[in-house]
Every structure is written in structure tokens, then in C-alpha cells.
Amino acid sequence: FPGWSMRSDGSIVIATGNDDALGVYACTPYNSYGTAGESRPTRVLLKDPPAFTVRPKEEYFQEVGRELVIPCMAHGDPPPTITWVKLGSAGKNGAQVDANSSLVFRPLIKEQHGVWECMASNQVAHISAATSVHVLGTSPHAVTNVSVLPLLLAANISWEPGFDGGYFQRFSVWYTPLVKHLSRAHHDWVSLSVPAGAQHLLVENLQPDMSYQFSVLAQNKLGSGPFSQIVTSVPRGFPLTTVPPEPPAMTIRIFLSPPQALTANETARGVLLQWEPPGQLSVALSGYALELRQDKGGWEVLDRSIPSTKTQVLVPGLIKDAFYEFRLVAFAGSYISDPSNTVNVSTAGMEVYPSRTQLPELLPQPVLAGVIGGICFLSVAVIFSTVAACIMNRRRAARIQKRRQGRTP
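Residues numbered from 1 in each chain as written. Predicted model: local features only at pLDDT ≥ 70, side-chain atom pairs only at ≥ 80, totals over all residues. Heavy atoms only, no water.

**Q** Where do I start with the pairing of strand E15 (residues 154-160) in this structure?
**A** As paired strands, strand E14 (residues 144-151) and E15 are joined by six bridges and run antiparallel to one another. Looking at E15, one finds that Leu-149 is bridged to Asn-156. Judged from the four bridges that link them, E15 and strand E18 (residues 200-203) form a sheet pairing that is antiparallel. Residue Asn-156 lies in a different strand from E18, and its bridge partner there is Leu-202. (Pairing = 2+ DSSP bridges. Helix = DSSP H or I, 4+ residues; strand = E, 2+ residues; numbered from the N terminus.)

This is the structure:
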């Protein structure tokens, strides 16, 4: 049938219940081995959910002490049960329900003011309809949603009015400091009249940092209503100091990116390193420092005085059959960038090699000066010793010659 479907668990879904769905149903499970038989039969009956035949009006207005009847009727299969309830209150507050399911107030009293709900329910569904009962000729009802906004030595009180009882109503704000008096147990409340039509009031000249209790009272020509709930609040006082706080220190962030695109090329004079200047810098560039390490050892500074205008440097005097790594850092004053990319250089297979020690060009200038001075001093010492030895030998030969001549007759 249209609107019928079967779920994966074997259930039948009938989208719209009508006379086609009436009957007896049985379910037969089976698999590749067969079936163990069908289930017990179940009968499908059509039942009608509740539907209102007479609905209550949205609002009813009646004088206090008089009678008020609010009708509510519904039908269904099976016949629905009708009940009445007052929202926000337990019980019916003295109201009765007659044989026609109508709500009867006899007599109507102030406490029966509010929203009432008629509910019709049977085994199929539940429905409801609400109506508002306004009891006229009474004192005002309590205000609701009282809120207090603490201000400087003041407080702003606002609220939502309750039902006025059918007459014009005025409001007054009552407040008292929350101070315990040893001589008496009660507080001295102060009342302030609220301008006509207003729903808020500013209470001034309060003591700073002291707790206050606030309540709102409504009145009309028949009398006063109940006080609202009491709200406690603490007005703000003057700040301890009027000196403005010191502004936070400005933090200047220095941007100095590393040199870019470092490359190494073999030349007849040595290894030529080339690079591009940093892409981002917020201060003037001071120069570069070249670092190297040999055979995965520790990093050492080879040259820390490369001018900022240069973008290449020649590195001679590398050791034969060694593996080198080079990187470059930029610096601006006391700020140093991160290292650049690392380039690898292997001296295996080069045509010309220096000695097994590094050439003088790779030594720092003070060390290089010391080495040259030591070599010169050693050379002078050797020459002086040689000359002195020659002179001594000649003098000794001369003395020997004289001795021989003196012995001859």
C-alpha cells in the first residue's frame, strides 16, 4: 500500500492509518536454514486521538466574588479524559470541574488569577489549551523580575509590573542597609515613590561598599499588593586612587631573518661561498659571521667580520679527504639571526691539496702573527748558531796551526 514500508529490523511502518491497516498481522522470521514458524497474531485497531470540540477563549475577565465558568470539551476513541491545572501553582485553588468538563469558579477569588490549562488525553495522544483568567476589583499583584544595578554611591532598580487588579497602580521602592542593630532585631526601611508609568528608579546617596536590601511594592485604590522578593546589592564606592595607571612598556620586536640561498662552488683558489641578504630586517644590518664544522664535529666561527655589503667569500686551505659543512648568520648590533641553510663541501677528489694542516689563511690573525714570528726567530737563531760555529772552528784551526809551527826546529 502507499505509505507502507519495512525497516531493517522487520518492523512495518504505516505512514497514514486508515481502513487498509485494519486486520490481524503475524511475522515470520527466516534465514537460509528455513524458519521456526510465525509469531503470535496481533490485531490492528484504529483509534482517534483527542480533538477539542469546545476550546476555552484566550482570556476571561470577571469581578472578584462572582461566578466564572470556562468550558472545555473534546472527543476521541477511546473518549478522552479532561483535566484542569493552574500553571505555576499546585492544585486548583478552590476551582471545580463540572460534569461537562468545564472549569467553575464559584465564587472567583484573587488567588485564582493566572493561566489555566485544559488537557485532554487518551491512549493515543495528549492535547492541551491554555487561557488567562483576570480577576478584577482586587489589590495589585506582586511585581516580578526585580533587578538591581549597582552604581557609584547609587543603585538602579527595575522590575516587571504584576496585574493591576483592574485599577491604575503606582509603585514604591523600599530599601534598607543590611546592618545588625544590637538594640532591635528589625531594620529601618526607607520608601521612595516611583513616577507614574515608570518601571525603574535610581536610588542615590547610598554608602559605598555596604550591603542594601531592595523590594518593590505596588498599590492601587483598593490597597497594597504583596512586596516583591528582596534583592541584596552593594553600591560601588570611589576608587582608592585617582592617579591613572602607568601605561605598559612598549615592546619593540626586532625582525632579522637569516641569510638566504647559501651555495658553495669549487674554484682553483678554494671554495667560493655565495648568498643573498636577509629577506626581512627591521634594523640596519651590521655584517655576517661564517661558521663551519669538519666531519660532523662542533660548529666553529671561521670569520666573524664579513662586511654587510658582501654576498660572497672565498675559503682556501681546506684539508684533503675531509667533509665540511658551512652556514652563515647575520647580525645587527647585538641581535643575531638564525643560521642560514647548511651547504656541504667534500675535498675528496680535488686536484690540488695543501699540507695536512690548515693553511695560514684559515688561522686567526693573532695566531698567524705568532706563527710567523716564531718561524723568523727560529731562522735567525739557526743562522746565528751556524755563523758562531764557523768562527769557533776557524779560531781553533788557527791555534792548532800555530802550535805545529812552534814545535818545528
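Continuing now.
**Q** I tried to follow the nonpolar core on my own but got confused; where do I start?
**A** Within soluble globular proteins, side chains that are nonpolar generally end up buried alongside one another. Ranked by size, the top nonpolar core spans 22 residues in total, and within it Leu-273, Leu-290, Tyr-324 and Phe-326 carry the most contacts. Looking at this core, the element that brings in the most residues is strand E27 (residues 323-332), giving five residues. Among residues more than four places away in sequence, those in contact with Leu-290 are Leu-273, Glu-300, Val-301, Leu-302, Asp-303, Ile-306, Val-313, Val-315, Phe-326, Arg-327 and Leu-328. Val-194, Tyr-212, Phe-214 and Val-231 belong to the second-largest nonpolar core, a separate cluster that totals 19 residues. (Core = buried A, V, L, I, M, F, W, Y, C linked by side-chain atoms within 4.5 Å. Buried < 20%, exposed > 50% of the residue type's maximum accessible area, 1.4 Å probe, protein only. Contact = heavy atoms within 4.5 Å.)

**Q** Please clarify how the state of the cysteines should be interpreted in this entry.
**A** By definition, a disulfide links two cysteine residues through a covalent bond between their sulfur atoms. Summed over the entire model, instances satisfying the criterion amount to one disulfide. One disulfide in the model links Cys-72 with Cys-118; its S-S distance is 1.9 Å. Linking Cys-72 and Cys-118, the disulfide has an S-S dihedral of approximately -85° and is accordingly described as left-handed. One end of the pair, Cys-72, is in the loop between strand E7 (68-70) and strand E8 (73-77); the other, Cys-118, is in strand E12 (residues 114-121), and 46 residues separate them in sequence. Each member of the pair, Cys-72 as well as Cys-118, is classed as buried. (Disulfide = S-S within 2.5 Å.)

**Q** Sorry if this is basic, but what is going on with the pairing of E12 here?
**A** If a strand is regular, its side chains alternate between the two faces of the sheet. Where strand E9 (residues 81-86) lies against E12, six bridges are found, and the strand directions are antiparallel. Across the sheet, residue Lys-86 finds its bridge partner in E12, namely Trp-116. Summarising the sheet, E12 and strand E13 (residues 126-136) pair through eight bridges and their orientation is antiparallel. Residue pairing in the sheet places Met-119 in a bridge with Ser-128 of E13.

**Q** Before we go on, may I ask you to explain the sheet that holds strand E23 (residues 271-276) in this structure?
**A** Note on sheets: strands pair through backbone hydrogen bonds, and any given pair is parallel or antiparallel. One open sheet holds the three strands; their spatial order is E22-E23-E26, and the pairing between them is antiparallel. Each edge of the open sheet carries a strand with a single partner, namely strand E22 (260-266) and strand E26 (312-315). This sheet shows a mean twist of 20° between the axes of neighbouring strands, independent of strand direction. Where E23 and E26 come together, four bridges link them in antiparallel fashion. Residue pairing across strands places Leu-273 opposite Val-313, the latter belonging to E26. (Axes fitted to C-alpha atoms, helices over the stretch in contact; angles between N-to-C directions.)

**Q** Please clarify how the packing of aromatic side chains should be interpreted in this entry.
**A** Each aromatic ring pair is characterised by the separation of its centres together with the angle its planes make. Inspection of the entire model under this criterion finds nine aromatic pairs. A centroid spacing of 6.4 Å and a plane angle of 40° characterise the contact between Trp-4 and Tyr-25, whose relative ring orientation is tilted. Of this pair, Trp-4 sits in strand E1 (residues 4-6) while Tyr-25 sits in strand E3 (residues 23-25), and the two are 21 residues apart along the sequence. Among the aromatic residues, ring-to-ring pairing joins Tyr-175, Tyr-212 and Phe-214 into one connected group. (Phe/Tyr/Trp six-rings, centres within 6.5 Å; stacked < 30°, edge-to-face > 60°.)

**Q** For this particular structure, what's the right way to read the side chain of Thr-176?
**A** Considering the arrangement of structural elements, one finds Thr-176 in strand E16 (residues 170-177). A polar side-chain atom of Thr-176 sits 3.0 Å from the main-chain carbonyl oxygen of Asp-188. (Polar contact = N/O pair within 3.5 Å; in protein donor to acceptor, adjacent residues only side chain to side chain.)

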